[in-house]
Amino acid sequence: MKITRIKTIVTCPDRNFVTVKVETDEGLYGIGDATLNGRELAVVAYLDEHVAPCLIGMDAGRIEDIWQYLYRGCYWRRGAVTMTAIAAIDTALWDIKAKAANMPLYQLLGGKSRDGVMVYGHANGVDIEETVDEVAKYMDLGYLAIRAQTGIPGLPTTYGVSEDKMYYEPADASLPSTALWSTSKYMHHIPQLFDRLRNTFGFDVHLLHDVHHRLTPIEAGRVGKALEPYDLFWLEDAVPAENQAAFRTVRQHTTTPLAIGEVFNSIWDCKELIEEGLIDYIRATVVHAGGVSHLKKIFDFAAMHHVRSGSHGATDLSPVCMGAALHLDTAIYNFGIQEYMRHTEKTDDVFPHSYYFSKGYLHPGDVPGHGVDIDEDIAAKYPYQRAFLPVNRLADGSMFNW
Ligand code: KDG
Ligand code: MG
């Protein structure tokens, strides 16, 4: 089965998504997510100019060989743009192979290891009161695990807190907006949130929290220790992890489970973290970590070191990524949890899918392939709109991590 055409489709049904469609001479096609939030068109150019022309005429069944061709063959290995482009092609090729086999993708990945994929939703509020109400709403919807974020007194905006409670959208402006950050205000406030949540809801619901790369290792150790009585499922992205060894300090000071990985794009971003047992959950995703092929290798490596999966699933990862992720989540042995931020109705119209939510779990469905398609006519109604993530500054005006 030969690759005859590769299309990149850009659409903005409430937010931007880039999708790759790989077509073959046997009429089967596959699709892959290529969305890199805030840098979408860089991936489009990479795919159109530097990937698509090279693959025409290749055997669509040679997934591993094409992966290596795109990874080794470009000489400039890794990086978010390259790995997102590779991921999109890889996901589309797995979709084609599973359709050709007339099987849901999880069957080709080893079959089911579980009957459902436990997910966590995002509860957030401008203050602790509102966050408590939002957690209650997610519990009513059947969620077994809930991420809780709250506004911090003295900061006009805080990561993870949005007006729209079901569809969090941080890419909020056509030029980057500027937020204000204060580590001391945050560190003082956040244990109060979890104290209140555990007093209100007890310990049966799983609670998670995302620090979003804002602490130093020793600060993260202090926050982790302060949160130990509240038994978090995980503390996410406590410290930026360009320096993987920095997590040794965090680990030495707290037993709160640690998760990281949404900005990682290959095993080389987390090899030390996994090998040294510095984390509990690896949160890399299909779209940003080289597709189904490479993410499966990361997860299998993690399994040898007692590290579980916890894939990123925010709104900027398209339903195509979510569909593929759910097949992987279903198949691997060391699944932990899957983030599930719902997409808007418009997005769901553009991407019809077989996956569905029931009682705290997502299910990938049983249609051949990964179960997600794109309606190109509807997609064409929503042209690209430039949108950036915010930047963060401290009170003195200096730049900080967002
Ligand atoms: O594009 C960036 C978002 O995906 C990210 O800010 C969301 O941290 C995030 C999460 O855990 O969902
Ligand atoms: Mg996060």
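Residues numbered from 1 in each chain as written. Chains lettered and ligands numbered in written order. Predicted model: local features only at pLDDT ≥ 70, side-chain atom pairs only at ≥ 80, totals over all residues. Heavy atoms only, no water.

Structurally, the chain comprises domain 1 (3-104) and domain 2 (108-367). Taking the mean C-alpha position of each, domain 1 and domain 2 sit 26 Å from one another. If you look at the interface, domain 1 gives 33 residues, while domain 2 gives 34 residues. Counting each side, the surface lost to burial between domain 1 and domain 2 is near 2,600 Å², with a carbon and sulfur contribution of 60%. Sorting the residues of domain 1 by area buried against domain 2 places Asp33, Trp94 and Pro104 first, and these three jointly supply 22% of that buried surface. Between domain 1 and domain 2 we count three salt bridges in total. For the salt bridge of Glu64 with Lys297, the shortest nitrogen-to-oxygen distance reads 2.8 Å. (Domains from an automatic or database assignment. Contact = heavy atoms within 4.5 Å. Buried area = accessible area lost by both parts, 1.4 Å probe. Salt bridge = Lys/Arg side-chain N within 4 Å of Asp/Glu carboxyl O.)

Time to look at unusual backbone geometry. Trans peptide bonds make up most of the peptide bonds, and negative phi angles are found at most residues other than glycine. The phi torsion at Asp237 lies on the positive side, around 45 degrees, for a residue other than glycine. With respect to the helices, strands and loops of the structure, Asp237 is situated in the loop between strand 8 (234-236) and helix 8 (247-253). Even without a glycine there, the phi angle at Lys359 is positive, about 50 degrees. (Helix = DSSP H or I, 4+ residues; strand = E, 2+ residues; numbered from the N terminus.)

Moving on, we come to helix 6 (residues 183-201). Taking 1.5 Å as the rise per residue, helix 6 with 19 residues should run 27 Å; its terminal C-alpha atoms sit 27 Å apart, in good agreement. Turning to helix 6, its buried residues number three or more, namely Thr183, Tyr186, Met187, His189, Ile190, Pro191, Leu193, Phe194, Leu197, Arg198 and Phe201. Positive backbone phi, at 75 degrees, marks Gly202, one or two positions downstream of helix 6. (Expected span 1.5 Å × (residues − 1). Buried < 20%, exposed > 50% of the residue type's maximum accessible area, 1.4 Å probe, protein only.)

This paragraph deals with the pairing of strand 4 (residues 117-125). Within strand 4, nine of the nine residues are buried, which leaves it mostly tucked inside the rest of the structure. The alternating pattern of strand 4 places Val117, Val119, Gly121, Ala123 and Gly125 on one face and Met118, Tyr120, His122 and Asn124 on the opposite face, and all of these are buried. As paired strands, strand 4 and strand 14 (residues 361-363) are joined by two bridges and run antiparallel to one another. Residue Met118 lies in a different strand from strand 14, and its bridge partner there is Tyr361. Two elements, strand 4 and strand 12 (residues 338-339), share two bridges in a ladder whose sense is parallel. (Pairing = 2+ DSSP bridges.)

Turning to the sheet that holds strand 2 (residues 17-24), a few remarks are in order. The sheet built from three strands is open, its strands ordered 1-2-3 with antiparallel pairing. Strands at the two margins of the open sheet, each flanked by one partner only, are strand 1 (3-11) and strand 3 (29-33). When strand polarity is set aside, the average angle formed by the axes of neighbouring strands in this sheet is 20 degrees. Running over the sheet, helix 3 (residues 80-100) touches strand 1, strand 2 and strand 3 and is turned about 145 degrees from strand 3. (Axes fitted to C-alpha atoms, helices over the stretch in contact; angles between N-to-C directions.)

On to the coordination of the magnesium ion (ligand 2). Coordination of the magnesium ion (ligand 2) by the protein comes from Asp210 (OD), Glu236 (OE) and Glu262 (OE), over a distance range of 2.0 to 2.2 Å. Read in sequence order, the donor residues coordinating the magnesium ion (ligand 2) give the pattern D-x25-E-x25-E. On the criterion of sequence distance, the pair formed by Asp210 in strand 7 (residues 206-210) and Glu262 in the loop between strand 9 (258-260) and helix 9 (271-275) is long-range, its members being 52 residues apart. (Donors = N, O, S within 2.8 Å, 3.2 Å for Na, K, Ca; no water.)

A word on the packing of aromatic side chains. Enumeration over the complete set of coordinates arrives at 14 aromatic pairs. Pairing Tyr138 with Tyr143 gives two aromatic rings, centres 5.0 Å apart and planes at 70 degrees, and the pair type is edge-to-face. With a relative accessible area of 4%, Tyr143 lands in the buried category. Seen in terms of ring centroids, Tyr340 and Phe357 are 6.0 Å apart; in terms of plane orientation they differ by 25 degrees. Their pairing is stacked. Placement of the pair is Tyr340 in the loop between strand 12 and helix 12 (345-350) and Phe357 in strand 13 (residues 356-358), with a sequence separation of 17 residues. The exposure class of Phe357 is partly exposed, given its relative accessible area of 21%. If you follow Arg15 out to its NZ or CZ, it ends over the ring of Phe17, 5.6 Å from the centre. Here Lys21 stacks its cationic end above the ring of Tyr29, 4.2 Å away from the centre of that ring. (Phe/Tyr/Trp six-rings, centres within 6.5 Å; stacked < 30°, edge-to-face > 60°. Lys NZ or Arg CZ within 6 Å of the ring centre and 35° of its normal.)

What follows covers the side chain of Ser266. Within the element layout of this structure, Ser266 appears in the loop between strand 9 and helix 9. According to the relative accessible area criterion, Ser266 is buried, its value standing at 1%. If we skip the residues at most four places from it in the chain, Ser266 touches Arg78, Met83, His294 and Ile298.

Grouped together as the largest cluster of nonpolar side chains are 112 residues, with contacts concentrated most on Ile89, Phe194, Phe247 and Ile282. The dominant element in this core, judged by the number of residues it contributes, is helix 3, at ten residues. Among the nonpolar cores identified, the runner-up in size contains nine residues, and Met118, Tyr120, Leu208 and Tyr281 belong to it. (Core = buried A, V, L, I, M, F, W, Y, C linked by side-chain atoms within 4.5 Å.)

What follows deals with the site of ligand 1. Taken together, 15 residues form the shell around ligand 1, and within it His212, Glu236, Glu262, Asp316 and Glu339 come nearest. Side-chain polar atom of Asp210 to an oxygen atom of ligand 1: 3.1 Å apart, as the coordinates give it. Glu339 places a polar side-chain atom, nitrogen or oxygen, 2.5 Å from an oxygen atom of ligand 1. A total of 330 Å² of accessible area belongs to ligand 1 in isolation, and the protein chains cover 94% of it. (Near = heavy atom within 4 Å. Polar contact = N/O pair within 3.5 Å; in protein donor to acceptor, adjacent residues only side chain to side chain. Areas by Shrake-Rupley, 256 points an atom, 1.4 Å probe, with all protein chains shown as cover.)

So, on to the pattern of salt bridges. Scanning all chains against the criterion turns up 20 salt bridges. Measuring nitrogen to oxygen at the nearest pair gives 3.1 Å for the salt bridge that ties Arg147 to Asp210. Of this pair, Arg147 sits in strand 5 (residues 145-150) while Asp210 sits in strand 7, and the two are 63 residues apart along the sequence. Per residue, the accessibility class of Arg147 equals that of Asp210, and both read buried. Its salt-bridge partner being Asp300, residue Lys296 comes within 2.9 Å of it at the nearest N-O pair. In this pair, Lys296 and Asp300 both sit in helix 10 (residues 291-303), four residues apart, roughly one turn of the helix. Overall, the relative accessible area of 22% leaves Lys296 in the partly exposed class. Sharing partners across several salt bridges, the network here consists of Glu236, Glu262, Arg283 and Glu339.

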